[in-house]
Amino acid sequence: MAQYDVIVIGSGPGGYVAAIRCAQLGLKTACVEGRETLGGTCLNVGCIPSKALLHASHQLYEAEHNFAKMGLKGKSPSVDWKQMLAYKDDVIGQNTKGIEFLFKKNKIDWLKGWGSIPEAGKVKVGDAVHDAKNIIVASGSEASSLPGIEIDEKVVVTSTGALTLPKIPKKMIVIGAGVIGLELGSVYSRLGTEVEVIEFLDAITPGMDGEVQKTFQKLLQKQGLKFTLGAAVQGVDASKSKAKVTYKLRKDDSEHTMDADVVLVATGRRPYTDGLGLDALGIEMSQRGQIKTNAHWQTNVKGIYAIGDCIDGPMLAHKAEDEGMACAEVIAGKAGHVNYGVIPGVIYTHPEVANVGQTEEQLKEAGRNYKVGKFSFMGNGRAKANFAADGFVKILADKDTDRILGAHIIGPMAGDLIHEICVAMEFGASAEDLALTCHAHPTYSEAVREAALACGDGAIHM
Ligand code: NAI
């Protein structure tokens, strides 16, 4: 058996990126993956396929709602669901094969099968035991359901089943108004499904800036999604083709039921570490089932590292990627670092929602002296031309130093716009720095500059 410098377990965005960076740094590297294709949840049943369906369904929405206004007349396209799923699968294929190509290019061995760690320095895949000076666990996460709910991935589905439904349901209940519930709920709503979202808390997207939450909910309601907030789901009774969801309203404890063809359970994800043998190795875990690591992604067992969804922090592909690169650098004797204060979050609905840094609620709670610069896309010419004027950019800056502390965008291309603020924050920029930077006209990004101007003497177009 080959002797490796590093074996990475898992080929999701954390694992495959770690493997590539290890190889680039001259380490002999292998990556263990049991799926038939590389890329983990994100590429196979997560980020990438959901974005394909979001894109396709958004085109339909535009055709139905905005084409005629621009003089593009004629019947709206009808949906060929089989073809839409084939398009999604093609996108998955292109991406997963892309990783396979990158592995070959970087001379990374793909060890096919499910890996376990019989002892430090060894990784078992099937009957073969491979030697590795360092092991990176990047085993990801899995959907976590609620007690009393049985997932069959047909009528009661997680995001995985929701990406391969045999037909577009007439009615869908989404449990959980988080990222998955709202992205996939949007897809089906645009395709004609009646979508009802049941959420435990009194607001959608927990943890997000309060003003954004309110605007976001209003816009989704305008698109047809319905919300029951402050409701705790008790159970789901499912037959072959129907499901009944029972929930209790928290305000008065009253019990209600709701029927649907499909129920999407989107109540969060939990770390996936089954079968790795971590218990026997004595690897320390948190109460939430996460692998405990130090600031260099080292576990308590020498030579074993962990990154991504299976450790602490937001379960985001890009957070895992950054940890993968930094962990590889640490193993190669360099100074790998992740700035956890500047990790953007994006929801790929329409409009998109994006954030980085602190929310206004967090700043208030911390007693920080801050100021707010806000600019509505109503004042942005490009957004108006593109029927995308809903939403705003909100920048939070320190009142004394003007340093940017956070930003929250709901609007067109928010997921891309947020990155200029991420870069600004990485460089410790002030709102004035952003405001003094020339932004091309007419672009959506002018709204970011205007929000930065609003932190000072005022926005121009508001
Ligand atoms: P989430 O944590 O974002 O949202 C789950 C929601 O379910 C919460 O609002 C919670 O209050 C609610 N909930 C929990 N128990 C409930 C009950 N009994 N009744 C009603 N509501 C209940 O989890 P989600 O959407 O499943 O996503 C999982 C992970 O995947 C997240 O960490 C998310 O960041 C990540 N993800 C990120 C994406 C992105 O970056 N665009 C896309 C998809 C997933």
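Residues numbered from 1 in each chain as written. Predicted model: local features only at pLDDT ≥ 70, side-chain atom pairs only at ≥ 80, totals over all residues. Heavy atoms only, no water.

Asker: What exactly am I supposed to notice about a nonpolar patch on the surface here?
Answerer: A grouping of Phe67, Met70, Leu72 and Phe387 is seen on the molecular surface, where their side chains present a nonpolar patch of about 340 Å² in accessible area. One can find methionine 70 in the loop between α3 (47-65) and α4 (81-105). Methionine 70 gets classed as partly exposed once you look at its relative accessible area, which sits at 42%. (Patch = residues over 30% accessible without salt bridge, like charges linked within 9 Å, V, L, I, M, F, W, Y side chains within 5 Å. Areas by Shrake-Rupley, 256 points an atom, 1.4 Å probe, with all protein chains shown as cover. Salt bridge = Lys/Arg side-chain N within 4 Å of Asp/Glu carboxyl O. Helix = DSSP H or I, 4+ residues; strand = E, 2+ residues; numbered from the N terminus. Buried < 20%, exposed > 50% of the residue type's maximum accessible area, 1.4 Å probe, protein only.)

Asker: Where do I start with the environment of histidine 130 in this structure?
Answerer: Looking at the element boundaries, histidine 130 is found in strand β6 (residues 128-137). In this structure histidine 130 comes out as buried when scored by relative accessible area, which is 8%.

Asker: Can you help me understand the pairing of strand β10 (residues 194-198) in this one?
Answerer: Across a regular strand the side chains alternate sides, sitting on one face of the sheet and then on the other. Along β10, four of the five residues are buried, which leaves the element largely enclosed by surrounding structure. By the bridge criterion, five bridges tie strand β9 (residues 171-175) to β10 in an arrangement that is parallel. What sits directly across from isoleucine 173, in β10, is glutamate 196. Running through helix α6 (residues 179-190), the crossover from β9 to the neighbouring parallel element β10 is right-handed. Of the strand pairs in this sheet, β10 and strand β11 (residues 226-228) are connected by three bridges, and their pairing is parallel. When the sheet's bridge partners are listed, valine 197 is paired in β11 with phenylalanine 227. Handedness of the β-α-β unit built from β10, helix α7 (residues 210-222) and β11 comes out right-handed. (Pairing = 2+ DSSP bridges. Right-handed = clockwise from strand over helix to strand, strands pointing away.)

Asker: What's the story with the packing of aromatic side chains in this structure? I'm lost.
Answerer: Two measures describe an aromatic ring pair: the distance that separates the ring centres and the angle between the ring planes. Under the counting rule described, the total for this entry stands at one aromatic pair. Lying over the aromatic face of phenylalanine 200, arginine 250 brings its terminal NZ or CZ to 4.5 Å of the ring centre. When the ring centre of phenylalanine 392 is taken as reference, the NZ or CZ atom of lysine 374 above it lies at 4.4 Å. (Phe/Tyr/Trp six-rings, centres within 6.5 Å; stacked < 30°, edge-to-face > 60°. Lys NZ or Arg CZ within 6 Å of the ring centre and 35° of its normal.)

Asker: Sorry if this is basic, but what is going on with unusual backbone geometry here?
Answerer: A negative phi angle characterises most non-glycine residues, just as the trans form characterises most peptide bonds. Between histidine 350 and the following residue, proline 351, the backbone shows a cis peptide bond with an omega angle of 0°. Tracing the backbone through its elements, the reader meets proline 351 in the loop between β18 (345-347) and β19 (352-357). For the peptide bond that leads from histidine 441 to proline 442, omega is 0°, which places it in the cis range. One can find proline 442 in the loop between α13 (431-435) and α14 (446-454). Positive phi, close to 65°, is recorded for tryptophan 297, a residue that is not glycine. For tryptophan 297, the location among the structural elements is in the loop between α8 (278-281) and β17 (304-306).

Asker: Is there a simple way to explain the nonpolar core in this structure?
Answerer: Here is a general trend for soluble globular proteins: nonpolar side chains tend to be buried in one another's company. If you look at the biggest cluster of nonpolar residues, it comprises 52 residues, and the most contacted ones within it are Phe103, Ile136 and Val137. At seven residues, helix α1 (residues 13-24) tops the list of elements feeding residues into this core. Residues within four places of valine 137 in sequence aside, it is in contact with Ile9, Ile117, Leu276, Ile291, Ile304, Tyr305, Ala306, Ile307 and Cys310. With 37 residues, the next largest nonpolar core counts Leu184, Val212, Phe227 and Ile347 among its residues. (Core = buried A, V, L, I, M, F, W, Y, C linked by side-chain atoms within 4.5 Å. Contact = heavy atoms within 4.5 Å.)

Asker: What is the right way to read the sheet that holds β18 from this model?
Answerer: If you walk across this open sheet you meet the five strands as β18-β19-β22-β21-β20, and the pairing is antiparallel. Edge positions in the sheet fall to β18 and β20 (370-376), since each has one partner strand and no second. Direction aside, the axes of adjacent strands within the sheet are offset by 10° on average. Taken together, the six bridges between strand β21 (residues 392-398) and strand β22 (residues 404-411) define a ladder with antiparallel strand orientation. The partner of leucine 396 across the bridge, within β22, is glycine 406. (Axes fitted to C-alpha atoms, helices over the stretch in contact; angles between N-to-C directions.)

Asker: Where do I start with the site of the ligand in this structure?
Answerer: Near the ligand you find 23 residues, and of these Ile180, Glu183, Glu199, Gly268 and Val346 are the closest. The backbone of isoleucine 180 places a nitrogen or oxygen atom 2.9 Å from an oxygen atom of the ligand. Within the side chain of glutamate 183, one N or O atom sits 3.0 Å away from a nitrogen atom of the ligand. Calculation on the ligand without its partners gives an accessible area of 860 Å², and the protein chains cover 79% of this total. At the level of elements, α6 and β12 (231-238) are the ones that each hand at least two residues to the shell around the ligand. (Near = heavy atom within 4 Å. Polar contact = N/O pair within 3.5 Å; in protein donor to acceptor, adjacent residues only side chain to side chain.)

Asker: Sorry, what's going on with the environment of arginine 449 here?
Answerer: Summarising the element assignment, arginine 449 is placed in helix α14. Given the relative accessible area of 24%, arginine 449 is considered partly exposed. The sequence separation of arginine 449 and alanine 459 amounts to ten residues, and the corresponding C-alpha distance is 8.4 Å. Apart from residues no more than four positions distant in its own chain, arginine 449 is found in contact with Leu434, Ala435, Leu436, Thr437, Cys438 and His439.

Asker: Looking at this structure, how should I read the pattern of salt bridges?
Answerer: Where charged atoms from two side chains of opposite charge come close, those side chains can pair. Tallied over the entire structure, the rule returns 20 salt bridges. Between aspartate 261 and lysine 242 there is a salt bridge whose closest N-O contact spans 2.8 Å. Of this pair, aspartate 261 sits in the loop between β14 (255-260) and β15 (262-265) while lysine 242 sits in the loop between β12 and β13 (243-249), placing them 19 residues apart in sequence. Residue classification places aspartate 261 among the buried positions, given a relative accessible area of 18%.

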